[in-house]
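The chain contents come next:
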Amino acid sequence: MDMISASEAETLILSLVHSLQTTEEVTLDNASGRILARSVSSTLDFPYWDNSAMDGYAVRYKDLQKCDRENPKTLRIVEEIPAGIQPQKNIVQGEAARIFTGAVMPQGADTVVMQENTRRKGDRVVILQAPRDREFVRRKGAFYQSGNPLLGAGIAIGAPEIAVLATAQCTRFTVYQQPRVAIFSTGNELVSPGNSLKPGQIVDSNQYALRAFVADLGGIPLPLGIVRDRPEDLERTIENAIARADIVLSTGGVSVGEYDYIEEILAKLGGNIHIRSVAVKPGKPLTVATFERGDRTCLYFGIPGNPVSALVSCWRFVQPALKKLSGLSGDWQPQFVTARSRHDLKANGKRETYLWGRWEIVSGGYEFSLAGGDRSSGNLINLAQTNGLAVVPVGETAIAAGEKVNVMLV
Ligand code: AMP
Ligand code: MG
């Protein structure tokens, strides 16, 4: 199996994933970050009733058609209607009701004159400027009519969606279950962060980085810890991970070294291996396999152990898969913008190269700066604060400072 391009890998990975079919009910209180599995509709119109968009006076448009400062019209105030009160009076010729923003329009009135265009005189109001017909009235059902779809399946629920659902009194609804993502690290050299280091040992940062990555995308991380480079241990962990998770992320052990066993174990356990390496830097050795278990498919990502490569692989290849699996509709692919590079960007020309750093918007345009310090993929420290990856395409070895570059948003 040949090395494939990043975009071929992305297309292939997305073709292997199907949105989860399992759903559950949630309430407004715990819906944030979830994805609607069924379209929601409401039995209420919105606005619920005709109401005023201003503090002012509810009037009959007919009464005021030709008034202005030279020829003001005086109306008798028959009622005051604060928000939350049902009006009692029917407005007839020559009458008005004092009304406040959000309050229900009284019968007979069709228009609101804003307070600023009036002068109060005891129980009368002088109108100094003719309103437009139906001005400042929010009509019942103008924004939404009951029974229509309010929010569609595949929409991610955030603060604005919660506001909409609450307004429409949709307090329970069906969302997709969150993808379960098993995560483990492989390597004889690894120890967990709390332990003192013996010579040659390395802290397992990937376990923690990947957990955060998965949780940020709405998945449920299932951390399975560190597994030694021993085929029996790896086999047991992988089998367990496949049984429990929709996606498995393992880091390390996918290169061609003596201790890199992942691929042969995946094959032994009946995995269908789709990708072995991708022409990207960092992150070339990437193993992607699927396992059929009953009516479920489990997608396995064998990710390189190098912490920079691991995160770049997650951003570039795992992210779209996780988004699609989660039931999110629309664009699963990473977003790219064109930016002006502030630095010279270098690449080997053979693989699509991802250089980490930060973009910002300067005078309306994107600008990209490389992360400071050493830029070898062994340097994990300067990955902090990364918000973008500049992409140098295959065949190019340099992009000069001041030139345009594609930047993947992360
Ligand atoms: P590997 O892909 O297993 O050959 O690992 C490549 C490099 O990444 C080696 O220097 C490892 O020590 C390092 N590494 C592997 N796994 C982890 C991990 N979980 N956390 C931090 N570094 C790791
Ligand atoms: Mg290793």
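Computed from a predicted structure; not experimentally measured.

Peer 1: What is the right way to read the site of ligand 1 from this model?
Peer 2: Taken together, 15 residues surround ligand 1, and among them E189, D204, G253, G305 and N306 come closest. At 2.8 Å, a side-chain N or O of D204 approaches a nitrogen atom of ligand 1. S205 places a polar main-chain atom, nitrogen or oxygen, 3.1 Å from a nitrogen atom of ligand 1. Taken by itself ligand 1 offers 480 Å² of open surface, and the protein chains cover 76% of this. Taken together, the residues of the shell around ligand 1 sort by class into four nonpolar, nine polar and two charged.

Peer 1: Would you take a moment to explain the packing of aromatic side chains for this structure?
Peer 2: One pair of aromatic rings is described through two measures. These are the centre distance and the angle between the planes. A complete count under the given rule lists five aromatic pairs for this structure. Ring geometry for Y48 against W49: centres 5.7 Å apart, planes inclined by 65 degrees, an arrangement best described as edge-to-face. The partly exposed category is assigned to Y48, whose relative accessible area is 32%. Taking relative accessible area as the criterion, W49 reaches 46% and is therefore assigned partly exposed. Considering the side-chain rings of W359 and Y366, the 5.4 Å spacing of their centres and the 65 degrees angle between planes classify their relative orientation as edge-to-face. Of the aromatic side chains, those joined through ring pairs into one cluster are F46, Y48, W49 and F143.

Peer 1: Would you explain the side chain of E135 in this entry?
Peer 2: Looking at where E135 falls in the secondary structure, it is placed in the loop between β9 (124-127) and β10 (137-138). In this structure the side chain of E135 is engaged in a polar contact, spanning 2.9 Å, whose partner is the backbone nitrogen of R132. Setting aside residues no more than four positions away along its own chain, E135 makes contact with T111 and V112.

Peer 1: Just to check I follow, could you spell out the nonpolar core for this structure?
Peer 2: What tends to happen in soluble globular proteins is that the nonpolar side chains get buried as a cluster. In terms of nonpolar packing, the biggest core is built from 40 residues, with L249, F301, I303 and F317 touching the most fellow members. The element best represented in this core is helix α6 (residues 307-325), accounting for 11 residues. Residue-level mapping places this core at the junction of two domains, with at least three residues from each of domain 1 (6-21 + 178-325) and domain 4 (336-409). Here L249 is in contact with V181, A182, I183, F184, L210, V214, F301, I303 and V318, once residues within four sequence places are set aside. In terms of nonpolar packing, the next biggest core, distinct from the first, is built from 21 residues, A241, Y261, I265 and A289 among them.

Peer 1: What is the right way to read the sheet that holds strand β18 (residues 272-277) from this model?
Peer 2: In a beta sheet, neighbouring strands pair by backbone hydrogen bonds and run either parallel or antiparallel. Read across the sheet, six strands follow the order β16-β13-β17-β21-β20-β18 without closing on themselves; strand pairing throughout is mixed. Unpaired on one side and paired on the other, β16 (220-227) and β18 mark the two borders of the sheet. Shown here is a sheet whose adjacent strand axes are inclined to one another by a mean of 15 degrees, direction ignored. The strands touched by helix α3 (residues 206-216) are β13 (180-186), β16, β17 (247-251) and β21 (296-303); relative to β16, the strand with the most contacts, the crossing angle is about 170 degrees. The strands touched by helix α4 (residues 231-244) are β13, β16, β17, β20 (285-293) and β21; relative to β16, the strand with the most contacts, the crossing angle is about 175 degrees.

Peer 1: Any chance you could explain the pattern of salt bridges here in plain terms?
Peer 2: Opposite charge on two side chains lets them pair, provided their charged atoms get close. One pass over the full model with this rule turns up 18 salt bridges. The closest approach of N and O atoms between E263 and R276, which form a salt bridge, is 2.2 Å. Of the two residues, E263 is situated in helix α5 (residues 262-268) and R276 in strand β18; the sequence distance between them amounts to 13 residues. Owing to a relative accessible area of 31%, R276 belongs among the partly exposed residues under this scheme. E367 serves as the salt-bridge partner of R342, at 2.7 Å between the closest nitrogen and oxygen.

Peer 1: I tried to follow the pairing of strand β26 (residues 388-392) on my own but got confused; where do I start?
Peer 2: Look at any regular strand and the pattern is simple: side chains alternate between the two faces of the sheet. The buried fraction of β26 amounts to five of the five residues, a majority that puts the element mostly inside the structure. The alternating pattern of β26 places G388, A390 and V392 on one face and L389 and V391 on the opposite face, and all of these are buried. As paired strands, strand β24 (residues 352-362) and β26 are joined by five bridges and run antiparallel to one another. Residue pairing in the sheet places L355 in a bridge with A390 of β26. Summarising the sheet, β26 and strand β28 (residues 404-409) pair through four bridges and their orientation is antiparallel. Counterpart to L389 in the pairing with β28 is M408.

Criteria and cut-off values
- Residues numbered from 1 in each chain as written.
- Chains lettered and ligands numbered in written order.
- Predicted model: local features only at pLDDT ≥ 70, side-chain atom pairs only at ≥ 80, totals over all residues.
- Heavy atoms only, no water.
- Near = heavy atom within 4 Å.
- Polar contact = N/O pair within 3.5 Å; in protein donor to acceptor, adjacent residues only side chain to side chain.
- Areas by Shrake-Rupley, 256 points an atom, 1.4 Å probe, with all protein chains shown as cover.
- Nonpolar A, V, L, I, M, F, W, Y, C, P; charged D, E, K, R; others polar.
- Phe/Tyr/Trp six-rings, centres within 6.5 Å; stacked < 30°, edge-to-face > 60°.
- Buried < 20%, exposed > 50% of the residue type's maximum accessible area, 1.4 Å probe, protein only.
- Helix = DSSP H or I, 4+ residues; strand = E, 2+ residues; numbered from the N terminus.
- Contact = heavy atoms within 4.5 Å.
- Core = buried A, V, L, I, M, F, W, Y, C linked by side-chain atoms within 4.5 Å.
- Domains from an automatic or database assignment.
- Pairing = 2+ DSSP bridges.
- Axes fitted to C-alpha atoms, helices over the stretch in contact; angles between N-to-C directions.
- Salt bridge = Lys/Arg side-chain N within 4 Å of Asp/Glu carboxyl O.

Fair warning: the whole summary comes from geometry, so function is off the table for now.
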